[in-house]
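As a plain string of letters, each chain reads:
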Amino acid sequence: MFAVIALVVGVALGVIFRPTVPVGLVPYLPIAVIAALDAVFGGIRARLDKIFDDKQFVISFISNVLVAALIVYLGDQLGVGGQLSTGVVVVLGVRIFGNVAAIRRHLFRA
Amino acid sequence: MKPGPDNFLIQLFQSPLDPGYADAAARKAERPAPSRGRRLGGRGATALACLLIGLLFAVAYQHAVAAKPSTTKAREDLVGDVQSRRKQAEQLQKQAEDLRDQVARARDNALAGRGDAERLRELAAGTGLGKVTGDGVVVTLADAPPQIDPVTGKPSDDNPGVVLDRDLQDIANALWQAGAEAIAINGQRLTATSAIRTAGGAILVDFRPVTGPYQIAAIGPDQDAFAGSGTAQRFRRYVETYRMQFTVKSRKGLTLVAAPDPELRYAGVASPSPSPSGGR
């Protein structure tokens, strides 16, 4: 419950204050969003499975975002940023999809 | 078959949930419940993480929206600009036509009673500077549908059935030959100095773009003479070979608008007292 409220507050803060992102970090925003989505859906599913763990959630979020950004950064430096981004999106996308399917089974029993 | 821990893809597809949650749950089951303070701290950390995630979503969304203008919005603005200017030009054109009608009427009144008015009107019709009405033919010409490449399934780039400026020129010439008194292409009246040219992929008639299907309306040509001309026969062959579209229809009561007045190239407005500073 707190988590949902915090999420809404975060969105509201972002909309109201419109924080500026350093230009250097802009390319990592989309990949960070995907990583965050993965953490969120993983957390929701764990919650529904009744195995949610705060520490695990926070660490998975931070590490997901950092690792995804690192991979993209490394790819950019090596000239294969596009391909590595695709790889990250595929892996995280599969996980998001699987977790959402599990959430759906939990909620609708179908 | 049990997937080994190194079989990453199988593991990914079978259990998308981070295995850390299961481990944490197992650990929790073994150990006694954590203290109240620790639990609150965990809650706080989760809330903070969610706050960050929400912030991230909002910022990323705003960036995605803001990134759009540089590419799409500039284009949209340009398209809107073009459309508004085109509308303006059409209005001005209409106004010019009205004024031209007024001038013609005033001139007819002034010349009434003499044979000059009739002669002038005939000359204007012949040169394309006067509106004309009469029976004639409408030749419609359209590009062949693009050929679909059987391998890629995409339309192929080189379409031999595309209408070129040469085609419009040939048809206009054939219509003149068949006795046309006035010709207009997509409403653009041809005069003795009209140019039909290609610029890039577009065909320009008197420097104004026309797009397919091209309608070439002519007043006065002998339809049989045109249909029997070499040009018409050639286009019928194009229809068979390249699937270009070409139809000739006779039409009664065609009205062809006047061509815009030709620019004066050498004549200027006579000034009663020429000033020494170069006419300014």
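Please read these numbers as outputs of a predicted model, since none were measured by experiment.

## A few points about the overall build of chain A
Thinking step 1. Secondary structure assignment for chain A yields four helices and zero strands.
Thinking step 2. Starting at the N terminus, the α and β elements of chain A follow one another as α-α-α-α.
Thinking step 3. Here chain A, with 110 residues, has 38% of them falling under the buried criterion.

## With respect to the sheet that holds strand β4 (residues 196-199) of chain B
Residue and element names in this part refer to chain B.
Thinking step 1. The three strands are arranged β4-β5-β6 in an open sheet whose pairing can be described as antiparallel. Looking along the sheet, the strands with just one partner apiece sit at the ends: β4 and β6 (208-210). Ignoring strand direction, the axes of neighbouring strands in this sheet form an average angle of 45°.
Thinking step 2. Relative to strand β5 (residues 202-205), β4 runs antiparallel, the two being bridged by four bridges. Along β5, the bridge assignment pairs threonine 198 with isoleucine 203.
Thinking step 3. Contacts between helix α5 (residues 165-177) and the sheet are confined to β4 and β5, with β4 contributing the most and set at about 175° to the helix.

## Brief notes about the interface of chain A and chain B
Thinking step 1. Tallying the contact residues gives 39 residues for chain A and 29 residues for chain B.
Thinking step 2. Listed by contribution, the elements that provide at least two residues to the side of chain A that touches chain B are α1 (2-17), α2 (29-48), α3 (54-78) and α4 (81-108) of chain A.
Thinking step 3. With 11 residues, the top contributor of residues to the side of chain A that touches chain B is α1(A).
Thinking step 4. Partitioned by chemical class, the residues of the side of chain A that touches chain B number 26 nonpolar, seven polar and six charged.

## Here's the deal with α1(A)
All names here are of chain A.
Thinking step 1. A rise of 1.5 Å per residue sets the reference length of α1, with its 16 residues, at 22 Å; its end C-alpha atoms lie 22 Å apart and thus fit the reference within 8%.
Thinking step 2. What α1 keeps buried is the set Ala3, Ala6, Leu7, Gly10 and Gly14. With its buried residues spanning 105° around the axis, α1 presents them on a single face. Exposed residues lying more than 90 degrees from the buried face of α1 are Val4 and Ile16.
Thinking step 3. Looking one or two residues beyond α1, the residue adopting positive phi is arginine 18, at roughly 45°.

## Focus on the sheet that holds strand β7 (residues 214-219) of chain B
Pairing between sheet strands relies on hydrogen bonds along the backbone, with the strands arranged either parallel or antiparallel.
Residue and element names in this part refer to chain B.
Thinking step 1. Read across the open sheet, the five strands follow the order β3-β2-β7-β1-β8; overall the sheet is antiparallel. Edge positions in the sheet fall to β3 (188-189) and β8 (245-256), since each has one partner strand and no second.
Thinking step 2. Bridge count for strand β2 (residues 182-185) against β7 is four bridges, and the pairing is antiparallel. Each residue of the ladder has a partner; that of alanine 182, found in β7, is isoleucine 219.

## Digging into the confidence of the model for chain B
All names here are of chain B.
Thinking step 1. Chain-level pLDDT for chain B is 82 on average; 93% of the residues reach the 70-or-more range.
Thinking step 2. At the low end of the mean pLDDT range in chain B sits helix α1 (residues 8-14), at 76; at the high end sits β7, at 91.
Thinking step 3. Among the scores for the predicted complex, ipTM is 0.84 and pTM is 0.48.

About the cut-offs
- Residues numbered from 1 in each chain as written.
- Chains lettered and ligands numbered in written order.
- Predicted model: local features only at pLDDT ≥ 70, side-chain atom pairs only at ≥ 80, totals over all residues.
- Helix = DSSP H or I, 4+ residues; strand = E, 2+ residues; numbered from the N terminus.
- Buried ≥ 20, exposed ≤ 12 C-beta atoms within 10 Å, placed from the backbone.
- Pairing = 2+ DSSP bridges.
- Axes fitted to C-alpha atoms, helices over the stretch in contact; angles between N-to-C directions.
- Contact = placed C-beta atoms within 7 Å.
- Nonpolar A, V, L, I, M, F, W, Y, C, P; charged D, E, K, R; others polar.
- Expected span 1.5 Å × (residues − 1).
- Arc of directions from axis to C-beta.
- pLDDT = per-residue confidence, 0-100.

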